[in-house]
Amino acid sequence: ALVLLGFSLFGALAGLSMALLAYLLIAFPFFGVGKSGRFPMRNLLFFAVPLTIFAVIQNMFMAIDLILLKALSPAAGGSLMAGYYVAAQTISRIPFDLAGVFSVILLPLMSAAVYGKQHDKTLFYLRSAYRYSFMLVAPIAAIIFSTAPSLITLFYGEAYLPGAAALSFLAVGFVFFTMFLI
């Protein structure tokens, strides 16, 4: 609504912040801050800091290619090439995002198995995660790789056809990146 009122990017960020604040205010009466009313900050930091560092590094890793593309491109065509690349990148991330479901499911299962010192179960979950992630990601990436020109034209139109070569390579790259993250 703030964007529609003319606040553009600031409106989008403010709206997101207000939505998160509203979520916190609505959820607080239902969940509180723990049984005793206090949650040890040390426990929160030991959990949140490594995850935050990992998320920052992962996002930087996923953005470095676009930054390098812009930095190494001629000034006149850099934005145009970046547009083609971002279009290709958006399509190529579909299998990666789908495999993210496995990560969400895997985290509590692995956590419970590791905490319970169930090594066989931990290995089973890990192998299953790799297997099922690859079974999901590889065929989709193969389809994207083999139909890159048609896909990019379907989603973005003929004008984005120069991004098809990047789409093919990114589709394969995201298979490896997905398996690395799993």
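Residues numbered from 1 in each chain as written. Predicted model: local features only at pLDDT ≥ 70, side-chain atom pairs only at ≥ 80, totals over all residues. Heavy atoms only, no water.

J.: What is the right way to read the layout of surface pockets from this model?
T.: Gaps left between atoms are located by rolling a probe of water-molecule size over the structure's atoms. Of the pockets and cavities examined, the largest pocket occupies roughly 490 Å³. Lining of the largest pocket is provided by 16 residues; of these, Phe54, Ser103, Leu107, Leu181 and Ile182 occupy positions nearest its centre. Residue assignment for the lining of the largest pocket shows that the elements contributing at least two residues are helix H2 (41-72), helix H4 (94-115) and helix H7 (164-181). With nine residues, H4 is the largest single contributor of residues to the lining of the largest pocket. Considered class by class, the residues forming the lining of the largest pocket number ten nonpolar, five polar and one charged. (1 Å grid on protein atoms, 1.4 Å probe; cavity = no way out; pocket = protein on both sides within 12 Å on 5 of 7 lines; lining within 4 Å. Points joined across faces, edges and corners; volume = space filled by probe spheres on them. Helix = DSSP H or I, 4+ residues; strand = E, 2+ residues; numbered from the N terminus. Nonpolar A, V, L, I, M, F, W, Y, C, P; charged D, E, K, R; others polar.)

J.: Can you walk me through the packing of H4 against helix H5 (residues 119-146) in this structure?
T.: To describe two helices that pack against each other, one gives the angle between their axes and the distance between the axes. The interhelical angle for the contact between H4 and H5, taken along N-to-C directions, is 180°, at an axis separation of 10 Å. Taken as axis vectors, H4 and H5 run roughly antiparallel relative to one another. Contacts between H4 and H5 involve Pro95, Leu98, Ala99, Phe102, Leu106, Leu109, Met110, Ala113 and Val114 on the former and, on the latter, Lys121, Thr122, Tyr125, Leu126, Ala129, Tyr132, Ser133, Leu136, Val137, Ile140, Ala141 and Ile144. Residue composition of the contact of H4 with H5, by class: 18 nonpolar, two polar and one charged. (Axes fitted to C-alpha atoms, helices over the stretch in contact; angles between N-to-C directions. Parallel < 35°, antiparallel > 145°, perpendicular 65-115°, else oblique. Contact = heavy atoms within 4.5 Å.)

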